Amino acid sequence: MKDADQAGREKSDVLVVGAGAAGAVVARNLVAAGMSVVCLEQGDWTSPDEFPGERREFDALATKPWHPDPNVRQGPSDYPVEVADSEVPPAMFNGVGGSTILYNGSWTRMLPADFQVRSIDGIADDWPISYADLAPYYARAEREFSIAGLRGDPAYPPGPEFPLPPLPLGRVGRRAAGGMNTQGWHWWPHPTAIASRATSRLQECVRIGTCMSGCPRGAKATTDLTHWPQAIAMGAELVTGARVRELTLDHRGRAAGAIYTDRAGASHHRRADRVVLAANGIGTPRLLLLSRQRHHPDGLANSSGLVGRRLMLHPPTSVVGVYEDPLDSWTGPAGPPLLSLEFAGSDEARGFARGGKWDAFPVAGIHAHVERFGVRRFEERFGVGFHHNLERVVGHAFDWDILVEDLPDEENRVVLSEGLRDGDGVPGPGVVYRLSEETHANLAFQRERAAEAHQAGGAVETFVSDWYPTQGWHLLGTARCGSDPSTSVVDPFGEAHDVPGLFVVDGSVFVTSSAVNPTATICAFALRACDRIKERR
Amino acid sequence: MLDHCRRVLHRPGSPEEVLRFSYDRDRDAFEAFVTVLSCTYVQSEKVRASLGYPGQVPVRRDDRDADLDVLLAPVRERGDFLGRTQEDG
């Protein structure tokens, strides 16, 4: 502890911005190492009994107050995101736990080749770190989040046992696996941050199936359950309702703290020796751009000009398969029971670089099926046709949901919106995002293969759903890491090249996006940054 | 969403005419209206029973996938298909 600020509060060793996955990992690990930690979080705590999963009105509540798009949700903790120039609106949740509150718990390590895109494919860039560098941190993160999974996936190098056994495949998973085996294609039980058995912090999953609107039973590893209670018990201070609007430096140009506005509109300055940004791939560049000052006229840590640029959103697509036999496809977890990485790597013959990851996904509720009818003719969406469709699909259909690796493009970016402001009058972020021809080709290829997988599994009908593309769940690349300050924002440990003591540990640091869900990599990177901070304190 | 629904409700014509017009010419309004209608409709016990849908309810873990090794045998037999590098381990 050092000196005190104007309100008499002591300067902390570390100030974390954002209480989601990365922020919680950092806070708990640094406070456990004896450092004083303060975290500023714009949102509030949630409680499992708030989530709509088991309520009759689940379908309605999932479309608004628990929707992943902040512009739809418009909660008191949300800031507006300008999306007029984006083909994919971003998803996020603002609160203790961050987007883990609404994620599906998919917990996938990046593939070794994902760190070497330039070397292997001759495009984009290599990461400044390798799979081997992150492997021990992946294992630590898997323990911290009590990941359920099965060791031995041949897509990966050998690794340790998962802390918990895999979740059941269920009828959906078994049907999906059958189709993949017919095709001779890769699949594996999905490593998932959903407890297959009770732990000291999590309840056992009872397969309610509404993971993506918050787990009503506390079985999903969200950091409000897995990290914050312990971090607070060890002395971390978590300030909720604290909307950071500017980062501050000391006279030497080192990170010195942050100015935030509380719910009553009062302004505060919390000071620290180090500031760790964990505000997601949109919130973090927004803050850096808002924090421009005399020696940083284009935004903090932005001498490379790359703050906010190279945004990657993992454009998703979905192919629905309808089956004659009952699949009970409302049954969770959702959390996908299985994944496929068959088409995750590059193959020159396909005419595009990189690939996609597939998840076999159950469908919670009835209205979600109706949303998938968006592609259908009017006659199928009204009257007899509508009822006929519902009878065929409810309980009988599941999705192959697909994420494709979009490559970094400096024109895809986060900027400060000229028109939108948050509740405190601070400019909101604007997102400029266009899918490349390559990405469209990748999406089309993956859809065709997924339809084949459904057919091989016995589907009587397949169709592409336009439901999923409304959400960009993964906010990546907007403060990339690298060894060269002219082509990257932070170093391989997440510390800003331009601002000593300022770290970024969220998805912003991604160099390329891989095709897999990023939470495991975000947490592994954050743990590695923690070790760096501890070594140098 | 409310504005969208109002647009549908205030349009003259039979239900089918109004919905068809919205579907063809005012798709955002159509989708908003369908969302409200559908989310209300699917709360009906009768509708749920007719679809065999029990709601999102807890399910006892009745399948521990005892045959998981059998299902995964072809995947394991095929082994590495992505061509890992030496460095990766």
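What you see is a predicted model; the values in this text were computed from it and never measured.

Visitor: How should the interface of chain B and chain A be read in this particular structure?
Guide: Interfaces are frequently sized by the accessible area removed from exposure as the parts join. Listed by partner, the interface residues are 50 residues for chain B and 65 residues for chain A. Roughly 4,800 Å² of surface becomes buried between chain B and chain A when both sides are summed, with 59% attributable to carbon and sulfur atoms. Taken together, the links from chain B to chain A amount to six salt bridges. Between Glu31(B) and Arg381(A) there is a salt bridge, and its shortest N-O distance comes to 2.6 Å. In this structure, the connection of chain B to chain A is made through 19 residue pairs in polar contact (both at pLDDT 80 or more). Secondary structure elements with two or more residues in the side of chain B that touches chain A: helix H2 (15–25), helix H3 (27–41), helix H4 (45–51) and helix H5 (68–78) of chain B. With eight residues, the single largest contributor to the side of chain B that touches chain A is H3(B). In terms of residue class, the side of chain B that touches chain A is built from 21 nonpolar, 10 polar and 19 charged.

Visitor: It is not clear to me how the nonpolar core should be interpreted in this structure. Could you clarify?
Guide: Grouped together as the largest cluster of nonpolar side chains are 147 residues, with contacts concentrated most on Trp187(A), Trp228(A), Trp400(A) and Leu502(A). In terms of residue count, helix H13 (residues 519–535) of chain A provides more of this core than any other element does, 10 residues in total. Those residues within four positions of Trp228(A) in sequence are excluded, and the remaining contacts are Ala19(A), Gly23(A), Ala24(A), Ala27(A), Cys39(A), Trp45(A), Val96(A), Thr223(A), Ala236(A) and Leu238(A). Formed by 27 residues, the second largest nonpolar core is a distinct cluster that contains Val322(A), Phe378(A), Val393(A) and Val18(B).

Visitor: Help me understand the packing of aromatic side chains, please; the structure alone is not making it clear to me.
Guide: What characterises a pair of aromatic rings is the spacing of the ring centres plus the angle enclosed by the ring planes. Residue and element names in this part refer to chain A. Under the criterion given, the structure shown has 21 aromatic pairs over all chains. Between Phe 115 and Trp 127 the ring centres are 5.3 Å apart and the planes differ by 65°, which places this aromatic pair in the edge-to-face class. A residue pair is termed long-range when its members are at least 10 positions apart, and Phe 115 in the loop between helix H3 (70–73) and helix H4 (117–121) and Trp 127 in the loop between H4 and helix H5 (131–144) qualify at 12 residues. Judged by relative accessible area, Phe 115 falls into the buried class, the value being 2%.

Visitor: Help me understand helix H6 (residues 170–183) of chain A, please; the structure alone is not making it clear to me.
Guide: All names here are of chain A. Under the 1.5 Å per step criterion, the end-to-end length of H6 is 20 Å for 14 residues, consistent within 8% with the ideal 20 Å. Contacts made by the buried residues of H6 are with strand E9 (338–340), strand E10 (356–361), strand E11 (397–404) and helix H12 (437–456). One or two residues past the end of H6 sits Gly 184, with phi positive at roughly 75°.

Visitor: I tried to follow the pattern of salt bridges on my own but got confused; where do I start?
Guide: For side chains bearing opposite charge, pairing can occur when the charged atoms are close. Summed over the entire model, instances satisfying the criterion amount to 42 salt bridges over all chains. Arg28(A) is paired through a salt bridge with Glu144(A); the nearest N and O atoms lie 3.7 Å apart. With Arg28(A) in helix H1 (residues 21–32) and Glu144(A) in helix H5, the pair connects residues that are 116 residues apart, well separated along the chain. Each member of the pair Arg28(A) and Glu144(A) is classed as buried. Note that Glu411(A) and Arg309(A) form a salt bridge whose closest N and O atoms lie 4.0 Å from each other. Residue Glu411(A) is located in the loop between E11 and strand E12 (413–421), and its partner Arg309(A) is located in the loop between helix H9 (280–290) and strand E8 (316–322); the two are separated by 102 residues in the primary sequence. Given a relative accessible area of 26%, Arg309(A) falls into the partly exposed group. In this structure, a network of salt bridges that share partners links the residues Arg376(A), Arg377(A), Glu379(A), Glu380(A), Arg392(A), Glu461(A) and Arg20(B).

Visitor: What exactly am I supposed to notice about unusual backbone geometry here?
Guide: Apart from glycine, the bulk of residues carry a negative phi angle, and the bulk of peptide bonds sit in the trans form. Residue and element names in this part refer to chain A. In the segment running from Gly 332 into Pro 333, the intervening peptide bond is cis, with an omega of 0°. Relative to the elements of secondary structure, Pro 333 occurs in the loop between E8 and E9. Going from Ala 334 to Gly 335, the amide bond is cis rather than trans, its omega being 25°. If you trace the backbone, Gly 335 turns up in the loop between E8 and E9.

Visitor: Please clarify how the packing of H5(A) against H13(A) should be interpreted in this entry.
Guide: Angle between the axes and distance between the axes are the two parameters that describe a pair of packed helices. Residues and elements named next belong to chain A. At their nearest, the axes of H5 and H13 sit 8 Å apart, and the two run at 105° to each other. Taken together, the axis directions place H5 and H13 in an arrangement best described as roughly perpendicular. Seen from H5, the contacting residues are Asp 133, Leu 134, Tyr 137, Tyr 138, Arg 140, Ala 141 and Glu 144; seen from H13, they are Ala 520, Thr 521, Cys 523, Ala 524, Phe 525, Leu 527, Arg 528, Asp 531 and Lys 534. In terms of residue class, the contact of H5 with H13 is built from nine nonpolar, one polar and six charged.

How each quantity is defined
- Residues numbered from 1 in each chain as written.
- Chains lettered and ligands numbered in written order.
- Predicted model: local features only at pLDDT ≥ 70, side-chain atom pairs only at ≥ 80, totals over all residues.
- Heavy atoms only, no water.
- Contact = heavy atoms within 4.5 Å.
- Buried area = accessible area lost by both parts, 1.4 Å probe.
- Salt bridge = Lys/Arg side-chain N within 4 Å of Asp/Glu carboxyl O.
- Polar contact = N/O pair within 3.5 Å; in protein donor to acceptor, adjacent residues only side chain to side chain.
- Helix = DSSP H or I, 4+ residues; strand = E, 2+ residues; numbered from the N terminus.
- Nonpolar A, V, L, I, M, F, W, Y, C, P; charged D, E, K, R; others polar.
- Core = buried A, V, L, I, M, F, W, Y, C linked by side-chain atoms within 4.5 Å.
- Buried < 20%, exposed > 50% of the residue type's maximum accessible area, 1.4 Å probe, protein only.
- Phe/Tyr/Trp six-rings, centres within 6.5 Å; stacked < 30°, edge-to-face > 60°.
- Expected span 1.5 Å × (residues − 1).
- Axes fitted to C-alpha atoms, helices over the stretch in contact; angles between N-to-C directions.
- Parallel < 35°, antiparallel > 145°, perpendicular 65-115°, else oblique.

Distances and angles like these do not, on their own, reveal function.
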